[in-house]
Amino acid sequence: MKCATGEVHVWRIALDSPVISMKTLEATLSDEEREKANGFRLAQIRERWIAARGALRYILATYAGSKPSSLVFKTGPYGKPHLNWPVIKIPFNLSHTGSLALLGISSEGRVGVDAEFIHSIVELEELSRRLFAAPEADEIMALAPEARLAAFFACWTRKEAFVKALGEGLHVPIDQFRVTVRAEEPPRLVSVGWNESSRWSLADVGEASVAATIAVDWLAPTIRRFEFAACSG
Ligand SMILES: CC(C)(COP(=O)(O)OP(=O)(O)OC[C@H]1O[C@@H](n2cnc3c(N)ncnc32)[C@H](O)[C@@H]1OP(=O)(O)O)[C@@H](O)C(=O)NCCC(=O)NCCS
């Protein structure tokens, strides 16, 4: 598998799907990953994490030309995983939400993906004002009540995909940059409150009931979608 220049691949991974053999996926994990999986008390969370990590290994292995179990990951200073072996640059990022994971793989630069199941939020205004830049929260609250939830999750995943591409997680001041807010509006970075030299592209990769955004630090990516449905045995 190859991510040609200018392409970003988005893999959809159904974590509870019976076509994924847990045995096969779990067999690819490192000792450290198994230890992490065993730290989850709830069986469902543990199994979904194993399914996501195993699928990540299977998919990346096809790009790296290696066996899934031979991949070695390292994490950056704020926890973002990257491939340490084989020595080949494959920018990737994973997001899980409930029974779904999305894996973004970019032909170059940095990539971040975030997916969130859309669910009702009682304190939507309070949360918007606490998390987002003031103009973003104002814009959400100016919408018709029935459009606010979709806008909230569009805004959330756009911001989160950007900070995940940066790799700095919570260390990025989330209210110091702005994205487009309305769900039907193309995702875009509107402004950044620091000196940002890269030119970012955001794309909507959501589906029914799921808001999802992918971000890369270069222009005009061609997004290609794939479904991970494999593994028997
Ligand atoms: C890790 C973080 C970056 C994303 O977490 P999340 O949205 O809860 O979870 P997701 O499923 O989307 O992403 C988790 C995956 O991202 C990857 N990841 C971990 N740390 C990362 C980082 N610093 N940057 C990018 N990716 C990271 C890992 O692959 C992880 O999967 P794993 O747990 O199986 O190893 C989160 O801790 C964070 O800092 N969030 C941003 C801050 C915020 O407040 N956002 C509010 C909404 S605007």
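Only a predicted model underlies this, so the values are computations on that prediction, with no experimental measurement involved.

Reading the values: rules and limits
- Residues numbered from 1 in each chain as written.
- Predicted model: local features only at pLDDT ≥ 70, side-chain atom pairs only at ≥ 80, totals over all residues.
- Heavy atoms only, no water.
- Phe/Tyr/Trp six-rings, centres within 6.5 Å; stacked < 30°, edge-to-face > 60°.
- Helix = DSSP H or I, 4+ residues; strand = E, 2+ residues; numbered from the N terminus.
- Buried < 20%, exposed > 50% of the residue type's maximum accessible area, 1.4 Å probe, protein only.
- Lys NZ or Arg CZ within 6 Å of the ring centre and 35° of its normal.
- Pairing = 2+ DSSP bridges.
- Axes fitted to C-alpha atoms, helices over the stretch in contact; angles between N-to-C directions.
- Contact = heavy atoms within 4.5 Å.
- Near = heavy atom within 4 Å.
- Polar contact = N/O pair within 3.5 Å; in protein donor to acceptor, adjacent residues only side chain to side chain.
- Areas by Shrake-Rupley, 256 points an atom, 1.4 Å probe, with all protein chains shown as cover.

**Observations regarding the packing of aromatic side chains**
On inspection of all chains with the given rule, the structure shows 11 aromatic pairs. Here the aromatic rings of Phe 162 and Trp 194 are separated by 6.2 Å at their centres, their planes lie at 10°, and the arrangement is stacked. One end of the pair, Phe 162, is in helix H6 (residues 145–166); the other, Trp 194, is in the loop between strand S8 (189–192) and strand S9 (201–204), with 32 residues separating them in the sequence. Trp 194 sits in the partly exposed class, given a relative accessible area of 29%. Among the aromatic residues, ring-to-ring pairing joins Phe 132, Phe 152, Phe 153 and Trp 156 into one connected group. Just above the ring of Phe 177 sits the side chain of Lys 159; from NZ or CZ to the centre is 4.2 Å.

**Some thoughts on the sheet that holds S9**
Across the sheet, which stays open at both edges, the three strands sit in the order S6-S10-S9 with antiparallel pairing between neighbours. With partners counted over all chains shown, the strands left at the sheet margins are strand S6 (111–117) and S9, one partner each. With direction set aside, neighbouring strand axes in the sheet form an average angle of 15°. Judged from the four bridges that link them, S9 and strand S10 (residues 210–216) form a sheet pairing that is antiparallel. If you follow Leu 202 over to S10, its bridge partner there is Ala 215. Together, S6, S9 and S10 form the strand contacts of H6, whose direction differs from that of S6 by roughly 150°.

**Details of the environment of Val 205**
Structurally, Val 205 is set in the loop between S9 and S10. Using a relative accessible area of 2% as the deciding quantity, one classes Val 205 as buried. Leaving out residues up to four positions away in the same chain, Val 205 has contacts with Val 10, Leu 102, Ala 212, Thr 213, Ile 214, Ile 223 and Arg 225.

**Observations regarding unusual backbone geometry**
Trp 85 connects to Pro 86 through a cis peptide bond whose omega is 0°. If you trace the backbone, Pro 86 turns up in the loop between strand S3 (81–85) and strand S4 (92–97). Here Ala 220, not a glycine, exhibits a phi torsion of approximately 55°, which is positive. In this structure, Ala 220 sits in the loop between S10 and strand S11 (222–228).

**Here's the deal with the site of the ligand**
Lining the immediate environment of the ligand, one finds 22 residues, of which Tyr 78, Ser 95, His 96, Glu 160 and Lys 164 sit closest. The separation between a nitrogen atom of the ligand and a polar main-chain atom of Tyr 78 is 2.8 Å. Residue Glu 160 places a side-chain N or O atom 2.7 Å away from a nitrogen atom belonging to the ligand. Coverage of the ligand by the protein chains reaches 78% of its 930 Å² of free accessible surface. Sorting elements by how many residues they give to the shell around the ligand places H6 first, with five residues.

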